[in-house]
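Residue-level listing of the chains:
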Amino acid sequence: VQLQAYGGGLVQAGGSLGLSCAASGLTFSNYGMGWFRQAPGKEREFVAAISWSARSTYYADSVKGRFTVRRDNAKNTVYLQMNSLKSEDTAVYYCAAAATRTVAPDTASWVKSWGQGTLVTVSS
């Protein structure tokens, strides 16, 4: 499984940024997907996740109402739209693929594969 994330960069606080993650080596539509992040000096944390059918989505409390996760099974891609960015959103963002169709919030227990990460820097 290969997960290639795109879209990181530098943005001002209050701005928006969109991440995408292209998956290969798996039947994408059969698996849940998600995003995690790791800020400097901190542990990796859950950001958002979406089930195989997109019927279920989950968000960390810190990003609810600001971030949106979606997927396009025809393109084997999962997206993370980030609005109203804050300096505390600065982190390396990782795409993740589940071992099954389902995902869960606030845990990485469902993750089978990780992407390489893309850096998001929010300047205040």
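So, a few notes on the structure that sits alongside this text. Given the structure is predicted, the values throughout are model-derived calculations rather than measurements.

### With respect to the environment of Ala5
And then number 1: In this structure, Ala5 sits in strand E1 (residues 2-6).
And then number 2: Note: C-alpha distance between Ala5 and Tyr79 (74 residues apart in sequence) is 9.2 Å.

### Overview of the pattern of salt bridges
And then number 1: Applying the stated rule across the entire model yields four salt bridges.
And then number 2: Glu45 is the salt-bridge partner of Arg37, the closest N and O atoms lying 2.6 Å from each other.
And then number 3: Here Lys64 makes a salt bridge to Asp61, at a shortest N to O gap of 3.1 Å.
And then number 4: Each member of the salt-bridge network shares a partner with another, and the members are Arg37, Glu45, Arg66 and Asp89.

### Quick word on the sheet that holds strand E8 (residues 77-82)
And then number 1: Spatial ordering of the open sheet is given by E1-E3-E8-E7, a layout of four strands whose pairing is antiparallel. What marks the edges here is a single partner per strand, and that holds for E1 and strand E7 (67-72). Neighbour-to-neighbour, the strand axes of the sheet open up by a mean angle of 15 degrees, direction not taken into account.
And then number 2: Where E1 meets strand E3 (residues 17-24), five bridges bridge the pair, whose relative direction is antiparallel. Opposite Gln2, over in E3, you have Ser24 as the bridge partner.

### Focus: the side chain of Thr77
And then number 1: Relative to the assigned elements, Thr77 resides in strand E8.
And then number 2: Here the side chain of Thr77 touches Lys75 through a polar contact of 2.8 Å, landing on its backbone oxygen.
And then number 3: Beyond its immediate sequence surroundings of up to four residues, Thr77 is in contact with Ser20, Cys21, Ala22, Phe28, Arg71 and Asp72.

### A closer look at the pairing of strand E4 (residues 33-38)
And then number 1: Summarising burial for E4: five of the six residues are buried, a large majority.
And then number 2: Bridge count between E4 and strand E5 (residues 45-50): five bridges; the pairing is antiparallel. Pairing of Gly34 across the sheet is with Ala49, part of E5.
And then number 3: Two successive antiparallel strands, E4 and E5, enclose a turn made up of six residues, where Gly41 displays a positive phi of approximately 80 degrees.

Reading the values: the criteria
- Residues numbered from 1 in each chain as written.
- Predicted model: local features only at pLDDT ≥ 70, side-chain atom pairs only at ≥ 80, totals over all residues.
- Heavy atoms only, no water.
- Helix = DSSP H or I, 4+ residues; strand = E, 2+ residues; numbered from the N terminus.
- Salt bridge = Lys/Arg side-chain N within 4 Å of Asp/Glu carboxyl O.
- Pairing = 2+ DSSP bridges.
- Axes fitted to C-alpha atoms, helices over the stretch in contact; angles between N-to-C directions.
- Polar contact = N/O pair within 3.5 Å; in protein donor to acceptor, adjacent residues only side chain to side chain.
- Contact = heavy atoms within 4.5 Å.
- Buried < 20%, exposed > 50% of the residue type's maximum accessible area, 1.4 Å probe, protein only.

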